[in-house]
There are 2 protein chains.
Amino acid sequence: MPSTIRDVARASGVHISTVSRTFSAPHMVNSETRSRVLATAESLGYRPNRAARALITGQTGNVGLIVADIANPFFPPLIKAAQSQARGRDYNIFVAETDEDPMAEEDLVHALAKQVDGVLLCSPRMSNDLIEKLSKEVPLVLINRSVPSLPCVLMDVGQGARQAVNHLIGLGHTRIAILGGPRGSWTSREIRKAAVVACRAADLDPIVIGPNQPTVDGGMAVAEHVARESACSVIAYNDLMAIGVIEGLNSLGIRVPEDVSVVGFDDSALARISRPRLTTVSNPTPAAGRMAVDMLLQLSDDRRAAGQVMLQTELVVRGSTGPAGSSSDTSTERR
Amino acid sequence: MPSTIRDVARASGVHISTVSRTFSAPHMVNSETRSRVLATAESLGYRPNRAARALITGQTGNVGLIVADIANPFFPPLIKAAQSQARGRDYNIFVAETDEDPMAEEDLVHALAKQVDGVLLCSPRMSNDLIEKLSKEVPLVLINRSVPSLPCVLMDVGQGARQAVNHLIGLGHTRIAILGGPRGSWTSREIRKAAVVACRAADLDPIVIGPNQPTVDGGMAVAEHVARESACSVIAYNDLMAIGVIEGLNSLGIRVPEDVSVVGFDDSALARISRPRLTTVSNPTPAAGRMAVDMLLQLSDDRRAAGQVMLQTELVVRGSTGPAGSSSDTSTERR
DNA sequence: ATGAAAGCGCTAACAC
DNA sequence: GTGTTAGCGCTTTCAT
């Protein structure tokens, strides 16, 4: 039922190649014929079939974006920014989700490969080797993951982790727990490394717990472990986990921030809603989404383009952290 | 660089149509040749180009899903369910977002039209006429919107609204405010209609406020209005707004649920996190997503299929509602 | 400036 | 069971 280039050609009395030019190279066609073609196209409701065009040009006008979990509030701002950036450049974004399943990542890349000009891989969990292999099939830009030789946009969570540790130390905390995220997460590793180094620099021995499920439930699940270690503060892989630990601690009768301080990561919308308000490291996710799109589109023009981009993060202090208290610090009892 | 059907044909010494059949009708090819073709295809990393196939078959294997705002926690569960349902049937889902802009809806449908076998329109804000026009260009299934003659899956929010009103009346509330959602929202209209009827049935005159932005900020913005009307309870269009009103009321020195009770809609993940826990009407969003996908795929097989589906909703009572108090009920002072 | 013809990767009759 | 041929909707030389 939708009309094709042939219908327009017939109805406006020109050859299909003229219609084609009218849309893909307007300046190459007489302005008179052009407006006539445009008019009949309009009246027939004709729109060029991008998929058919892609068969020849190799350009689909689409880009893929693969994320782990749409329900994780970390992603929506990134997705929104990427989508609007892409639309501004007349590209569509197709968002797909792996549901935290590393196996699904590869399938999704394959499924998208032929329908897009490139794929944005956000926080992938798969191996470097696999990523490199896939990058042979379709241009890839990584977000929150560093693979040598592939373009990527990174957020300097290490810096945020250092700020978080120093913030806690400044408040008098000594037993700091670090809650890791999912296995394979570059971000989780960077946070842990930086936090551990910062702790050691202050002669502290951090308690590392993980990997964990990066969700509220994941946070609740480790609350008991945190309590058992008699940590007086916690740095969680993300806001979801931070909220989960707080919940879990509360139900053990431990209050935040009076007894234990908690720092999250992401500064998601949740951080300003939950009680207490979350002290958290803010990530420039919208900027990351925009840059990633731009890097990907540049990649088509210029294969050499694009290296690594590192974006800054920053600790935002709110209500979930406070001076080291005494009530929960059973470490004193144990000595 | 990616290999085509011709490469495989050459490498395995058969004609391209045999390769084609190997993938689209395996039973029509000798099992011996089939495995040989499959093997060389594997070694060449060949994967059929779905877009090219679609040019002939008219079947892309993709479905589009258009939502208003990925950051609104109402959508992610629906998206996830739709995505997994689709993948189970070997379809990809392309998610696109309008950012609450009604103009973007039409553009997006057009952008997707040729690349998908159908589009799921979730909570569209555009006119019935436009929706019907678009349904001529690409199969459409509506979610949270009823247009005569188009398949849709609806959630019976009216029922939930009645439950909410009766819950509040049971707690002794008399001045009930109803916060509408965005202009053009079918859900908002249904909630308002049902809530108003339920109030009138109890000889109450509800305070209707709206339309409003369906976000936390939108909720905060109406808090003052709610206070000015000296409402003792509020039914908000969604959880986001409910949380916003609570925030706004708090900053006016009004406590929830002691002074004012608040009911939300959606039972999103937020409802179990925010303080107080939200009393809210739960929507079967995952079921809606699954059903919508199935209806859309059925539509391809059988044009007559699919009418309207109505899913049930249910009030979940938590901490944001309580007995009608006295402190904020300045209506007594005014009498 | 426009038309003719070839072909992108693939499927679908139709022969053999 | 497999090869032949035509063609999906479109772009792109190459002529004219």
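Calculation criteria
- Residues numbered from 1 in each chain as written.
- Chains lettered and ligands numbered in written order.
- Predicted model: local features only at pLDDT ≥ 70, side-chain atom pairs only at ≥ 80, totals over all residues.
- Heavy atoms only, no water.
- Domains from an automatic or database assignment.
- Contact = heavy atoms within 4.5 Å.
- Buried area = accessible area lost by both parts, 1.4 Å probe.
- Salt bridge = Lys/Arg side-chain N within 4 Å of Asp/Glu carboxyl O.
- Polar contact = N/O pair within 3.5 Å; in protein donor to acceptor, adjacent residues only side chain to side chain.
- Nonpolar A, V, L, I, M, F, W, Y, C, P; charged D, E, K, R; others polar.
- Least-squares fit on C-alpha atoms with pLDDT ≥ 70 in both.
- Near = heavy atom within 4 Å.
- Helix = DSSP H or I, 4+ residues; strand = E, 2+ residues; numbered from the N terminus.

All names here are of chain A. Taken domain by domain, chain A comprises domain 1 (62–155 + 284–312) and domain 2 (157–283). Distance from the C-alpha centre of domain 1 to the C-alpha centre of domain 2: 27 Å. Listed by partner, the interface residues are 14 residues for domain 1 and 17 residues for domain 2. Interface area, domain 1 with domain 2, both sides summed: about 1,200 Å², of which 55% is carbon and sulfur. On the domain 1 side of the interface with domain 2, the three residues burying the most area are Pro73, Arg125 and Met155, jointly 39% of the side's total. The interface formed by domain 1 and domain 2 holds zero salt bridges in total. For the pair domain 1 and domain 2, the interface holds three residue pairs in polar contact (both at pLDDT 80 or more). When the residues that make up the side of domain 1 that touches domain 2 are grouped by side-chain class, the tally is six nonpolar, five polar and three charged.

This paragraph deals with the relation of the copies chain A and chain B. One chain copy maps onto the other through a rotation about an axis and a shift parallel to that axis. Superposing chain A onto chain B takes a rotation of 180° combined with a translation of 0.0 Å along the rotation axis, leaving an RMSD of 0.1 Å. Such values leave the two copies arranged in the relation of a two-fold axis. Counting the interface residues of chain A, we find that 100% of their copies in chain B are interface residues as well, pointing to one common contact surface.

Moving on, we get to the protein's contact with DNA strand D. The full set close to DNA strand D counts 26 residues, and A:Ile5, A:Arg53, B:His15, B:Thr18 and B:Ile56 are the nearest of them. Backbone atoms, meaning sugar and phosphate, form 58% of the atoms of DNA strand D found within 4 Å of the protein. With respect to DNA strand D, the side chain of A:Ser20 contributes an N or O atom lying 2.7 Å from a phosphate oxygen. B:Thr33 places a side-chain nitrogen or oxygen 2.8 Å from a phosphate oxygen of DNA strand D. With five residues, helix α4 (residues 50–57) of chain A is the largest single contributor of residues to the surface near DNA strand D. The class makeup of the residues in the surface near DNA strand D is 12 nonpolar, 10 polar and four charged.

A separate point is the protein's contact with DNA strand C. Every one of the 27 residues lining DNA strand C counts as a neighbour, but A:Thr18, A:Ile56, B:Ile5, B:Ser20 and B:Arg53 are closest to it. Per the 4 Å cut-off to the protein, sugar and phosphate atoms form 60% of the nearby atoms of DNA strand C. Between B:Ala52 and DNA strand C, the recorded distance is 3.3 Å, taken from a backbone N or O atom to a base nitrogen. For the surface near DNA strand C, the elements supplying multiple residues, two or more each, are α2 (16–24) and α4 of chain A together with α1 (5–12), α2 (16–24) and α4 (50–57) of chain B. Per element, the largest residue contribution to the surface near DNA strand C is five residues, and it comes from α4(B). Looking at the surface near DNA strand C residue by residue, the classes come out as 12 nonpolar, 10 polar and five charged.

Listed by partner, the interface residues are 39 residues for chain A and 39 residues for chain B. Interface of chain A and chain B: buried area, both sides summed, is about 3,600 Å²; carbon and sulfur atoms make up 57% of it. Considering only the surface of chain A that becomes buried against chain B, A:Lys80, A:Lys114 and A:Ile273 emerge as the three largest contributors, covering 17% of it. Where chain A meets chain B, there are 10 salt bridges.

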